[in-house]
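Per-entry structural report
In case you want the letters, here they are:
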Amino acid sequence: MRKYLRELDWTTILIALLLCAVGLVMIYSARRAQGDGILFVRKQAVAMGIGVVAMFFIAYFPVQTWQRWTKWFYVMNILLLVYVDYFGKITKGSQRWIPLPGGFHFQPSEAAKVLVILTLAAWLASREEKLRDRWTVLKSLLYIGVPVILIFKQPDLGTSLVVMAIWFGMMMLAGANLKHLGMVLLAGLVAFTALWHLNVLEDYQKNRLVAFLNPQRDPRGSGYHILQARIAVGSGQVFGKGLFHGTQNLLLFIPEQHTDFIFTVVAEETGFMGSVALLSAYALLLWRLSRLILQAHRLYPRLIAAGVTTFFAYHIIVNTGMVIGILPVVGVWLPFVSFGGTAVITCFLALGFMQAIHRQQYEVMF
């Protein structure tokens, strides 16, 4: 056991736990005015505890252990997404959650991110000699296309884009031809245009993009999130208004301020300095994770490292970008900080696989 603990990357683990601690404080602050701050903190703490245990369990086994199970992981991923499509709980027009005892909910689309990373890495590693072939790129798209379509159907455009970003990051690191990837991006743009004009996209999804371009067009409707978020971020100034003293927060001007828009609470109450400190912690986390991409000696763990790093980077960049108004609002949470049981467990699961890769490289070096 001592050998196992010594081989772990404790710096990365401590960064994740520090982010979790920040998250608990900000979740309490975001829900305090509604009188249920402690309840939400307890739920998040329970999910964090489950996630930490799962991380240590996954890290105990060599990463290749999971490679033999990838076909079953793929089937399980599809079955969960199909199940939630028929029997999931509908909230705010989306059918994404499976109710669990104790008032908890499981969101299969979040777990799908890690399952896609594991299964796609195995699929690509088994075709290492054909990765620059255009048909391999096309087949890989079809391979992830089933879970992406099922997630998009919920509807959940934000998570669908996360999975596509993971695919793109893993394909780049796998050595796919950049010309082929560029053609996929162009085809995606054409497909998005078609979905828009054929009214496949939901009205609220269209309104979010329009609001991003001109939030003043509908300041009390689709542009409300963006405008209120900007006010909250700007009002924090350099050092913030102090913990639990954010006016935009306490007066409930910002919807979903404990989940997708929790960065507004950070910016308003801790100011520019607190925001920079949080983003610096994320930068350090991404640097620690990206090192494993270069250190991994085999393609399978290298692709997992690429997928996990892309997963975290996309969430961090898109979430903070949409809060400060430089990216459209797509419903992406902030890792380890935003409220969400399945989300935080997913983060620790991903971290568990990175720890397994780190242990493998530690054994090689020492």
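Worth saying up front: this structure is predicted, and the values here are computed from it rather than measured.

We now examine the overall build of the protein chain. Across its full length, the protein chain carries 14 helices and 3 strands. Computed over C-alpha atoms, the radius of gyration of the protein chain comes to 20 Å, within 12% of the 21 Å expected from 2.2 N^0.38 for 366 residues, which places it in the range of a compact globule. Structurally, the protein chain occupies a C-alpha span of about 55 × 55 × 40 Å along its principal axes. In the protein chain, buried positions account for 52% of the 366 residues.

Another aspect to go through is the side chain of arginine 288. Turning to its location among the elements, arginine 288 is positioned in helix α12 (residues 262-295). Residue classification places arginine 288 among the buried positions, given a relative accessible area of 15%. Other than its neighbours up to four places away in sequence, arginine 288 contacts Asp9, Thr11, Thr12 and Ile15.

It helps to recall that an α-helix has 3.6 residues per turn; residues three or four apart then point in one direction. In this model helix α4 (residues 70-87) runs 25 Å from its N-terminal to its C-terminal C-alpha over 18 residues, within 8% of the 26 Å that 1.5 Å per residue would give. Inspection of α4 places Thr70, Phe73, Tyr74, Asn77, Ile78, Leu81 and Val84 among the buried residues, and these make up the whole buried set. Take α4 and look down its axis: the buried residues cluster within an arc of 135 degrees, on one side only. Those residues of α4 that are exposed and angled more than 90 degrees off the buried face are Lys71, Trp72, Leu79, Tyr86 and Phe87. The inward-facing, buried residues of α4 contact β2 (94-99), α5 (108-125), α6 (134-152) and α13 (299-323).

We now examine the nonpolar core. Leu19, Tyr300, Ile304, Phe311, Phe312, Phe336 and Phe348 are the most contacted members of the largest nonpolar core, which has 104 residues in total. Considering each element in turn, this core owes the most residues, 15 residues, to α13. Contacts of phenylalanine 312, omitting those with residues within four sequence positions, involve Leu286, Leu289, Pro335, Phe336, Cys347 and Ala350.

Counted by the stated rule, this structure contains 18 aromatic pairs. Three or more aromatic residues link up through ring pairs in this structure, and these residues are Tyr4, Phe57, Tyr60, Phe61, Trp66 and Phe353. Over the aromatic face of phenylalanine 40 sits the side chain of arginine 31, whose NZ or CZ is 4.1 Å from the ring centroid. A cation over a ring is seen here: arginine 291 above tryptophan 287, with NZ or CZ 5.1 Å from the ring centre.

All right, on to the pattern of salt bridges then. Inspection of the entire model under this criterion finds 8 salt bridges. For aspartate 9, the salt bridge identified is with arginine 288, shortest N-O distance 2.6 Å. In this pair, aspartate 9 is assigned in the loop between α1 (2-6) and α2 (10-32) and arginine 288 in helix α12, connecting sequence segments 279 residues apart. Just as aspartate 9 is buried, arginine 288 falls in that class too. A network of salt bridges, in which partner residues are shared, links Lys3, Glu7 and Arg359.

When the terminal C-alpha atoms of helix α3 (residues 37-60) are compared, their 35 Å separation across 24 residues agrees well with the 34 Å that a helix rising 1.5 Å per residue should span. Every buried residue belonging to α3 is among Gly37, Phe40, Val41, Gln44, Ala47, Met48, Gly51, Val52, Ala54, Met55, Ile58 and Ala59, and all of these are buried.

Working definition: the strands of a sheet are paired by backbone hydrogen bonds and lie parallel or antiparallel to each other. If you walk across this open sheet you meet the 3 strands as β1-β2-β3, and the pairing is antiparallel. In this open sheet, the two strands that pair with only one neighbour each are β1 (89-91) and β3 (105-106). Bridging between β1 and β2 involves 3 bridges; their strand directions are antiparallel. Bridge pairing in β2 places isoleucine 90 opposite glutamine 95. Sitting on the sheet, α4 is in contact with β1, β2 and β3, with an inclination near 105 degrees to β2.

Viewed as axis vectors pointing N to C, α6 and helix α8 (residues 178-197) meet at an angle of 35 degrees, and their least axial separation amounts to 11 Å. The handedness of the crossing between α6 and α8 is right-handed. Each of Arg134, Val137, Leu141 and Phe152 in α6 lies in contact with α8, whose residues at this interface are His180, Leu181, Val184 and Leu195. Considered class by class, the residues forming the contact of α6 with α8 number 6 nonpolar, 1 polar and 1 charged.

Of note, the phi angle at glutamate 256 is positive, near 55 degrees, even though the residue is not glycine. With respect to the secondary-structure elements, glutamate 256 resides in the loop between α11 (247-250) and α12. What makes glutamate 256 partly exposed here is its relative accessible area of 29%. Not every positive phi belongs to a glycine, and phenylalanine 336 is a case in point at roughly 70 degrees.

This part takes up the packing of α6 against helix α7 (residues 157-174). Relative to each other, α6 and α7 sit at 160 degrees, their axes nearing to 9 Å. Of the possible angle classes, the one that applies to α6 and α7 is roughly antiparallel. Seen along the crossing, α6 lies across α7 with a hand that is right-handed. Here α6 contributes Val137, Ser140, Leu141, Ile144, Val148, Ile151 and Phe152 to the contact with α7, which in turn contributes Leu157, Thr159, Ser160, Val163, Met164, Trp167 and Met171. Considering only residue class, the contact of α6 with α7 consists of 11 nonpolar, 3 polar and no charged.

Inspection of the secondary structure assignment puts lysine 3 in helix α1. Lysine 3 sits 233 residues away from glycine 236 along the chain, and the two C-alpha atoms are 46 Å apart. For lysine 3, the side chain forms a polar contact with the side chain of glutamate 7, separated by 2.6 Å.

What counts and what doesn't
Residues numbered from 1 in each chain as written. Predicted model: local features only at pLDDT ≥ 70, side-chain atom pairs only at ≥ 80, totals over all residues. Heavy atoms only, no water. Helix = DSSP H or I, 4+ residues; strand = E, 2+ residues; numbered from the N terminus. Rg over C-alpha atoms; globule rule 2.2 N^0.38 Å. Buried < 20%, exposed > 50% of the residue type's maximum accessible area, 1.4 Å probe, protein only. Contact = heavy atoms within 4.5 Å. Expected span 1.5 Å × (residues − 1). Arc of directions from axis to C-beta. Core = buried A, V, L, I, M, F, W, Y, C linked by side-chain atoms within 4.5 Å. Phe/Tyr/Trp six-rings, centres within 6.5 Å; stacked < 30°, edge-to-face > 60°. Lys NZ or Arg CZ within 6 Å of the ring centre and 35° of its normal. Salt bridge = Lys/Arg side-chain N within 4 Å of Asp/Glu carboxyl O. Pairing = 2+ DSSP bridges. Axes fitted to C-alpha atoms, helices over the stretch in contact; angles between N-to-C directions. Left-handed = near helix turned anticlockwise from the far one by under 90°. Nonpolar A, V, L, I, M, F, W, Y, C, P; charged D, E, K, R; others polar. Parallel < 35°, antiparallel > 145°, perpendicular 65-115°, else oblique. Polar contact = N/O pair within 3.5 Å; in protein donor to acceptor, adjacent residues only side chain to side chain.

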